[in-house]
Amino acid sequence: MPAHLRFQSQKWATHHIVSRCLQGYSFLKPTREIRAITKGVLGYALNKYDKVIKLHHYVFLSNHFHLILSAQTSRALADFMCFFKGNLARELGRIHDWNGTLWQKRYSSEEILDEAGLRDIFKYVTQNSVKEGLVDHPREWKGLHGYHQLVMKKTVSGPWIDRTGYYCAIQKREEVTLEEFTTEYEVKLTPPPLWSSLSKFEYYELCRQLSAEAIKEALRERKVDRAMGMKKILREHVFKTRFTKRGTRPLCRTKCIKTLKEYQKRYFEFKARFQEVSADLRQAIRLGCDTASICFPNGGVPLFGGCYSPD
């Protein structure tokens, strides 16, 4: 089944993002070097897109990652993910001596429509590393996990390397070191819009409560009695293929049938218009038209850098 079109029903919508490594390879295995690089790239990307992207929760396992974030627009989300995944892939490629793509297809994105949906996804993301039987508690996971910030109140930061500046300096035959082009960036988390009315104390208390519930449920429902533990995880070979049974990602996240149907109606109206405009644009390209008055519907990501329809 084809993937859903990129769509956002409103400005500053909250999304659940999932991206997986090629063939289930452990490109993100949480060694000290990979942890540092991932934190640095994520921190820099959030800083660069600070005005249009806000991160709320995350977890990075060995072969995939989850993000809960809010984006001003679909295009902002697409730009952020392209920048983040592209730069992270280049850094991981250097570490693993790997040429080519590191990612399995494109990332999936599900808009979170209400608080019930947000609570479910928050708990689901928190359960990662526990429900798979890797560790017994998120605090034991050595990789990146939002629990370390939201509940344990740790500061998370990592190095961003300006490789363009570094290589330009080398080409000019300047005597420089990589450290001169390395800057530390913090991974900053903010409350999602649906919880923006909470006080700081109420917000962190809610995160603690939901995390406790999520961990308890994961331990009760997982199929293994004993966790692998970090020592065994770090000994695993990076290129060990893993195949997991995955169904189609949901279009959005909500427990309200009325809200779901309203969203589905808006999405399918958008999809029909988007496909119609895409066909017109492709026809104009085939005919060699230098100019074409074509505007894509709001809420998506226009093809070939096209423009949106006026509001």
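Below you will find a few notes about this structure. (Residues numbered from 1 in each chain as written. Predicted model: local features only at pLDDT ≥ 70, side-chain atom pairs only at ≥ 80, totals over all residues. Heavy atoms only, no water.)

The end-to-end C-alpha distance of helix α2 (residues 74-96), which contains 23 residues, comes to 32 Å, matching closely the 33 Å that a straight helix rising 1.5 Å per residue would cover. Residue D97 follows α2 closely and has a positive phi angle near 55°. (Helix = DSSP H or I, 4+ residues; strand = E, 2+ residues; numbered from the N terminus. Expected span 1.5 Å × (residues − 1).)

Moving on, we come to the environment of A13. With respect to the helices, strands and loops of the structure, A13 is situated in strand β1 (residues 13-21). Given a relative accessible area of 1%, A13 falls into the buried group. In this structure the C-alpha to C-alpha distance between A13 and I112, which are 99 residues apart in sequence, comes to 7.4 Å. In this structure, A13 is in contact with Q8, L69, S70, A71 and E111, ignoring residues within four places of it in sequence. (Buried < 20%, exposed > 50% of the residue type's maximum accessible area, 1.4 Å probe, protein only. Contact = heavy atoms within 4.5 Å.)

Before going further, it helps to examine the packing of helix α1 (residues 32-48) against α2. Interhelical geometry of α1 versus α2 gives an angle of 155° and a closest axis separation of 10 Å. With respect to α2, the axis of α1 lies roughly antiparallel. In the crossing of α1 with α2, the sense of the turn from one axis to the other is right-handed. Judged by residue contacts, E33, I34, I37, T38, V41, L42, Y44, A45, L46 and K48 of α1 engage F80, F83, F84, N87, L88, E91, L92, I95 and H96 from α2. Residue composition of the contact of α1 with α2, grouped by class: 13 nonpolar, three polar and three charged. (Axes fitted to C-alpha atoms, helices over the stretch in contact; angles between N-to-C directions. Parallel < 35°, antiparallel > 145°, perpendicular 65-115°, else oblique. Left-handed = near helix turned anticlockwise from the far one by under 90°. Nonpolar A, V, L, I, M, F, W, Y, C, P; charged D, E, K, R; others polar.)

The next point concerns the sheet that holds strand β2 (residues 53-60). What the five strands build is an open sheet, ordered β2-β3-β1-β4-β7; its pairing is mixed. Edge positions in the open sheet fall to β2 and β7 (252-253), since each of these has one partner strand only. Here β2 runs beside strand β3 (residues 64-71); their pairing, made up of seven bridges, is antiparallel. Bridge pairing in β3 links F60 to F65. Each of β1, β2, β3 and β4 (103-112) is contacted by α2, which is oriented at about 145° to β4, the strand it contacts most. (Pairing = 2+ DSSP bridges.)

Further remarks concern the side chain of Q149. Relative to the elements of secondary structure, Q149 occurs in helix α4 (residues 147-150). For Q149, a relative accessible area of 9% puts it in the buried group. Among all residues touching Q149, those that are not within four sequence positions of it are Y58, K154, V156, V187, L189 and Y204.

This brings us to the nonpolar core. The biggest cluster of nonpolar side chains holds 61 residues, and the ones touching the most others in it are L42, L55, Y58, F60, L67, F80 and F84. Take this core: its biggest share by element is ten residues, from α2. Setting aside anything within four residues of it in sequence, one finds F60 in contact with L28, T38, L42, F65, L67, F84, W141 and L144. If you look at the next biggest cluster of nonpolar residues, it comprises 13 residues, including F7, Y267, V277 and I294. (Core = buried A, V, L, I, M, F, W, Y, C linked by side-chain atoms within 4.5 Å.)

For the pair helix α3 (residues 115-127) and helix α6 (residues 200-221), interaxial distance at closest approach is 8 Å and the crossing angle is 60°. As judged from the angle between their axes, α3 and α6 are oblique. For the pair α3 and α6, the crossing hand works out as right-handed. Listed contacts from α6 to R119, F122, K123, T126 and Q127 of α3 are L206, C207, L210, S211, E213, A214, I215, E217 and A218. Considered class by class, the residues forming the contact of α3 with α6 number seven nonpolar, three polar and four charged.

Mapped onto the elements, S70 comes out in strand β3. A relative accessible area of 1% means that S70 is categorised as buried. Among the polar contacts listed, one links the side chain of S70 to the side chain of T14, at a separation of 2.7 Å. If we skip the residues at most four places from it in the chain, S70 touches W12, A13, T14, V52, I53, K54, H56 and P193. (Polar contact = N/O pair within 3.5 Å; in protein donor to acceptor, adjacent residues only side chain to side chain.)

Bringing the pattern of salt bridges into the picture now. Scanning the entire structure with this criterion turns up 14 salt bridges. A salt bridge links K54 to D50, with the nearest nitrogen and oxygen atoms 3.1 Å apart. Owing to a relative accessible area of 27%, K54 belongs among the partly exposed residues under this scheme. Residue D50 is classed as partly exposed on the basis of its relative accessible area of 39%. One salt bridge in this structure joins R253 and E110, with 2.7 Å as the shortest N-O distance. Of this pair, R253 sits in strand β7 while E110 is found in strand β4, placing the two residues 143 residues apart along the sequence. Connected via shared salt-bridge partners are E91, R94 and R163. (Salt bridge = Lys/Arg side-chain N within 4 Å of Asp/Glu carboxyl O.)

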